[in-house]
Amino acid sequence: MNPYATPIVTFSLILGTTITISSNHWILAWTGLEINTLAIIPLIAKSHHPRAVEAATKYFLTQAAASALVLFSSMTNAWATGQWDITQMNHPTSCLLLTAAIAIKLGLVPFHFWFPEVLQGSPLMTALLLSTLMKFPPLTLLLLTSKSLNPALLTTMALASTALGGWMGLNQTQTRKILAFSSISHLGWIAIILVYSPKLALLTFYLYAIMTSAVFMALNKIKALNLTMILTSWTKTPVLNATLMLMLLSLAGLPPLTGFMPKWFIIQELTKQEMTPAAMAIAMLSLLSLFFYLRLAYHSTITLPPNSSNHMKQWYTSKTPSTPTAVLASLSILLLPLSPMMHAIV
């Protein structure tokens, strides 16, 4: 890739995200989403591998369809109500179309099909951007219109996302696909609480982004693209692998790690909203995800590959974790004691 391309793409991603999250007019928000889409495509396809080109094509087609739906829903709303303001989305058909459009952009069930394939065809750091930064602008639009959305529809999509994210992740051996289904499952937790507590949905997204970023950066450091590569990386980076195990368990939502906090708050809020059956269902469905996180943790730390007697263990290598990886890993493991403060904020 041209050396000038990286700063241009980075600036475009920041610009597109900033425009969308700070706008209150639908055309500006749509413009930001389009800038984001066009900026990430070179990063997906930069290896020129057929798989990467296929992933970039799939991403472009799905995002273009979703952007067209966003524009159509906002025009329908403006036609019916005379309002282009994002918070004034009051027309029922427009709300339905917008929910579908944002679900496509986020990868919520039943519009999730593109997401695992695109992540599998992308480099690990591009997959990190697709799983975190690229989900922030569409999620902001959902938060701004949360008062007008259909709670029953979002709850159904959320439960389906959590179920399918856990179920489809069980049989995967590629780390990027596992994290893609993990992302779909976490989006279910965000979607189910969005209408009732937008601040809690945003907190859940922030914590998910921290934990996922830490996992992706650790996997990128040890160059682990599948379970076998994780299995053989223990002798080279034992400390990083042990930390990776804790980060994966945090993503699974086990106490006393950071990932337990948003699940705890969401179940508490759903119970307050007299949605105990939905809270029980989503808690039970998250056990499916727990299984494949445990399998990843098992491969990263608990098992050792068979070694011949003349094999020298490489305990000391130059692969020391970078400062951002260390900071994100610490945050993804140790934030649970801040729960009272977080609860006061949301």
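Conventions used here
- Residues numbered from 1 in each chain as written.
- Predicted model: local features only at pLDDT ≥ 70, side-chain atom pairs only at ≥ 80, totals over all residues.
- Heavy atoms only, no water.
- Helix = DSSP H or I, 4+ residues; strand = E, 2+ residues; numbered from the N terminus.
- Rg over C-alpha atoms; globule rule 2.2 N^0.38 Å.
- Contact = heavy atoms within 4.5 Å.
- Areas by Shrake-Rupley, 256 points an atom, 1.4 Å probe, with all protein chains shown as cover.
- Lys, Arg positive; Asp, Glu negative; His and termini not counted.
- Charge placed at Lys NZ, Arg CZ, Asp CG, Glu CD.
- Domains from an automatic or database assignment.
- Buried area = accessible area lost by both parts, 1.4 Å probe.
- Salt bridge = Lys/Arg side-chain N within 4 Å of Asp/Glu carboxyl O.
- Polar contact = N/O pair within 3.5 Å; in protein donor to acceptor, adjacent residues only side chain to side chain.
- Nonpolar A, V, L, I, M, F, W, Y, C, P; charged D, E, K, R; others polar.
- UniProt positions renumbered as here; feature names shortened; annotations may be inferred.
- Buried < 20%, exposed > 50% of the residue type's maximum accessible area, 1.4 Å probe, protein only.
- Phe/Tyr/Trp six-rings, centres within 6.5 Å; stacked < 30°, edge-to-face > 60°.
- Lys NZ or Arg CZ within 6 Å of the ring centre and 35° of its normal.
- 1 Å grid on protein atoms, 1.4 Å probe; cavity = no way out; pocket = protein on both sides within 12 Å on 5 of 7 lines; lining within 4 Å.
- Points joined across faces, edges and corners; volume = space filled by probe spheres on them.

Attention now moves to the overall build of the protein. A tally of helices and strands in the protein yields 16 helices and zero strands. Its C-alpha radius of gyration of 20 Å places the protein within 12% of the 20 Å reference for a compact globule of 346 residues. Its C-alpha atoms give the protein principal-axis dimensions of roughly 75 × 50 × 35 Å. Of the contacts made within the protein by residues no fewer than 6 positions apart, 78% connect residues no fewer than 24 positions apart. Put simply, the protein shows about 15,100 Å² of open surface, and 71% of that area lies on carbon and sulfur atoms. Taking the average place of the 17 positive charges on the side chains of the protein and the average place of its 6 negative ones, the gap between the two points comes to 18 Å.

Right, let's talk about the domain arrangement of the protein for a bit. Buried accessible area, meaning the area lost when the parts come together, often serves as the stated size of an interface. Domain parsing of the protein yields domain 1 (1-110) and domain 2 (150-345). Centre-to-centre separation of domain 1 and domain 2, based on C-alpha positions: 26 Å. Facing nine residues of domain 1, the contacting portion of domain 2 comprises 11 residues. When domain 1 packs against domain 2, close to 760 Å² is buried across both sides, 80% of that on carbon and sulfur atoms. Ranking the residues of domain 1 by area buried against domain 2 places T99, L108 and V109 at the top, with a combined share of 65%. For the pair domain 1 and domain 2, the interface holds zero salt bridges. In this assembly, domain 1 and domain 2 are joined by one residue pair in polar contact (both at pLDDT 80 or more). The greatest single-element share of the side of domain 1 that touches domain 2, amounting to four residues, is contributed by helix α4 (residues 92-106). Here the residues of the side of domain 1 that touches domain 2 are counted per class, giving six nonpolar, two polar and one charged.

In the numbering used here, UniProt assigns the feature "transmembrane region" (unreviewed entry) to residues 57-76, 96-115, 152-171, 178-196, 202-219, 239-258 and 278-298. Secondary structure within residues 152-171 divides into 90% helix and 0% strand; the distance between the first and last C-alpha atoms comes to 30 Å. Between the first and last C-alpha atoms of residues 202-219 the distance is 26 Å; the span itself is 100% helix and 0% strand.

By the criterion of burial, helix α6 (residues 124-131) is predominantly enclosed, with six of the eight residues buried. Taken together, the buried residues of α6 touch α2 (26-45), α3 (50-81), α5 (114-120), α9 (175-193) and α10 (198-221).

Quick look at the UniProt feature "domain: NADH:quinone oxidoreductase/Mrp antiporter transmembrane" (unreviewed entry) in the protein now. In the UniProt entry, the feature "domain: NADH:quinone oxidoreductase/Mrp antiporter transmembrane" (unreviewed entry) is given for residues 23-288. The straight-line gap between the two end C-alpha atoms of residues 23-288 is 38 Å; of that span, 75% is helix and 0% is strand.

Right, let's get into the packing of aromatic side chains. This structure, assessed with the given rule, holds nine aromatic pairs. Centre to centre, the rings of W114 and F115 are 5.3 Å apart; their planes meet at 75°, and the pair counts as edge-to-face. You'll find W114 and F115 in the same group, each marked buried. With a centroid separation of 6.4 Å and 45° between ring planes, the pair formed by F205 and Y208 is classed as tilted. Residue F205 and its partner Y208 are located together in helix α10, separated by three residues, close to a single helical turn. Both residues of the pair, F205 and Y208, belong to the buried class. Seen from the ring of W189, K263 lies directly overhead, with NZ or CZ sitting 5.1 Å from the centre.

Here the focus is the layout of surface pockets. Taken as a whole, the largest pocket spans an internal volume of roughly 270 Å³. If you trace the largest pocket, you find 14 residues lining it, with T10, L13, L43, M125 and L129 closest to the centre. Going through the elements one at a time, α1 (5-22) and α6 are the ones with two or more residues in the lining of the largest pocket. Looking at the lining of the largest pocket element by element, the count peaks at five residues for α1. In the lining of the largest pocket, the residues fall into 10 nonpolar, three polar and one charged. Put simply, the second largest pocket is a space of about 160 Å³. Residue lining of the second largest pocket: 13 residues in total, with A252, G253, F260, K263 and S286 positioned closest to the centre. Taken together, the elements giving at least two residues each to the lining of the second largest pocket come down to α13 (260-272) and α14 (276-302). When the residues that make up the lining of the second largest pocket are grouped by side-chain class, the tally is 10 nonpolar, two polar and one charged.

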